[in-house]
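Per-entry structural report
What follows is the residue order along each chain.
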Amino acid sequence: QVQLAESGGGLVQAGGSLRLSCAASGRIFSINVMGWYRQAPGKQRELVAVATSGGITNYADSVKGRFTISFDNAKNTVYLQMNSLRPEDTAVYYCHADMRPYWYSHGTKYWGKGTLVTVSS
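A brief look at the structure comes next. (Residues numbered from 1 in each chain as written. Predicted model: local features only at pLDDT ≥ 70, side-chain atom pairs only at ≥ 80, totals over all residues. Heavy atoms only, no water.)

Applying the stated criterion across every chain, the model contains one disulfide. In this model, Cys22 is linked to Cys95 through a disulfide, with the two sulfur atoms separated by 2.0 Å. Between Cys22 and Cys95, the S-S torsion sits near -85 degrees, and that sign places the bridge as left-handed. A residue pair is termed long-range when its members are at least 10 positions apart, and Cys22 in strand E3 (residues 18-26) and Cys95 in strand E9 (residues 91-100) qualify at 73 residues. For the pair shown, Cys22 and Cys95 are each scored as buried. (Disulfide = S-S within 2.5 Å. Helix = DSSP H or I, 4+ residues; strand = E, 2+ residues; numbered from the N terminus. Buried < 20%, exposed > 50% of the residue type's maximum accessible area, 1.4 Å probe, protein only.)

Another point: the packing of aromatic side chains. According to the stated counting rule, one finds three aromatic pairs in the structure shown. Taking 5.5 Å as the distance between ring centres and 85 degrees as the angle between the ring planes, the aromatic pair formed by Trp103 and Tyr104 counts as edge-to-face. This pair shows no difference in class: Trp103 is exposed, exactly as Tyr104 is. Put simply, the rings of Tyr102, Trp103 and Tyr104 touch in pairs and so form one group of aromatic residues. For Arg19, the ring lying beneath its charged end belongs to Tyr79, and the centroid distance is 4.1 Å. We note Arg45 situated over the ring of Trp111; from NZ or CZ to the ring centre the distance is 4.7 Å. (Phe/Tyr/Trp six-rings, centres within 6.5 Å; stacked < 30°, edge-to-face > 60°. Lys NZ or Arg CZ within 6 Å of the ring centre and 35° of its normal.)

So, on to unusual backbone geometry. At Asn76, a position not held by glycine, the phi torsion is positive, near 50 degrees. Residue position: Asn76 is located in the loop between strand E7 (67-72) and strand E8 (77-82). Even without glycine at this site, Ser84 takes up a positive phi of about 50 degrees. When you line up the elements, Ser84 lands in the loop between E8 and E9.

Here we come to the sheet that holds E7. An order of E1-E3-E8-E7 is seen for the four strands of this open sheet, with the pairing classed as antiparallel. One side of each edge strand has no neighbouring strand; the edge strands of this open sheet are strand E1 (2-7) and E7. The sheet shows a mean angle of 15 degrees between the axes of neighbouring strands, taken without regard to direction. With six bridges joining them, E3 and E8 adopt antiparallel strand pairing. Along E8, the bridge assignment pairs Cys22 with Val78. (Pairing = 2+ DSSP bridges. Axes fitted to C-alpha atoms, helices over the stretch in contact; angles between N-to-C directions.)

The next point concerns the nonpolar core. Grouped together as the largest cluster of nonpolar side chains are 32 residues, with contacts concentrated most on Leu4, Met34, Trp36, Leu80, Met82 and Tyr93. For this core, the secondary structure elements donating two or more residues are E1, E3, strand E4 (30-39), strand E5 (46-52), E7, E8, E9 and strand E11 (115-120). Top contributing element to this core by residue count: E9, with five residues. In this view, Leu80 contacts Leu18, Arg19, Leu20, Trp36, Val48, Ala49, Phe67, Thr68, Ile69 and Tyr93; residues no more than four positions away in its chain are not counted. (Core = buried A, V, L, I, M, F, W, Y, C linked by side-chain atoms within 4.5 Å. Contact = heavy atoms within 4.5 Å.)

This is the structure we're talking about:
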């Protein structure tokens, strides 16, 4: 059983910062990719930022230059530092991981329960 535990959401004023964390636990042989998606009310879930265990990162255009993703392999944890937050960043942020529970497993996708980020104007 694999679990993703998110933390760090909350209420912040526009221009402020928040740091999200997501720790993977349970049966983990290797992690291919970890990252963050978000879903605002009435909108589809969208990619925010992802990072591979090899250090490759990818960001949505809307967050480039403001958000930074980092991946701690030793702790099986991914972080999202969010700076210069805007009201349009308000959403539920979901942690995502593509990992192999066993050495013989194919990559399997897992999702966290989500953490709410609210940016007030």
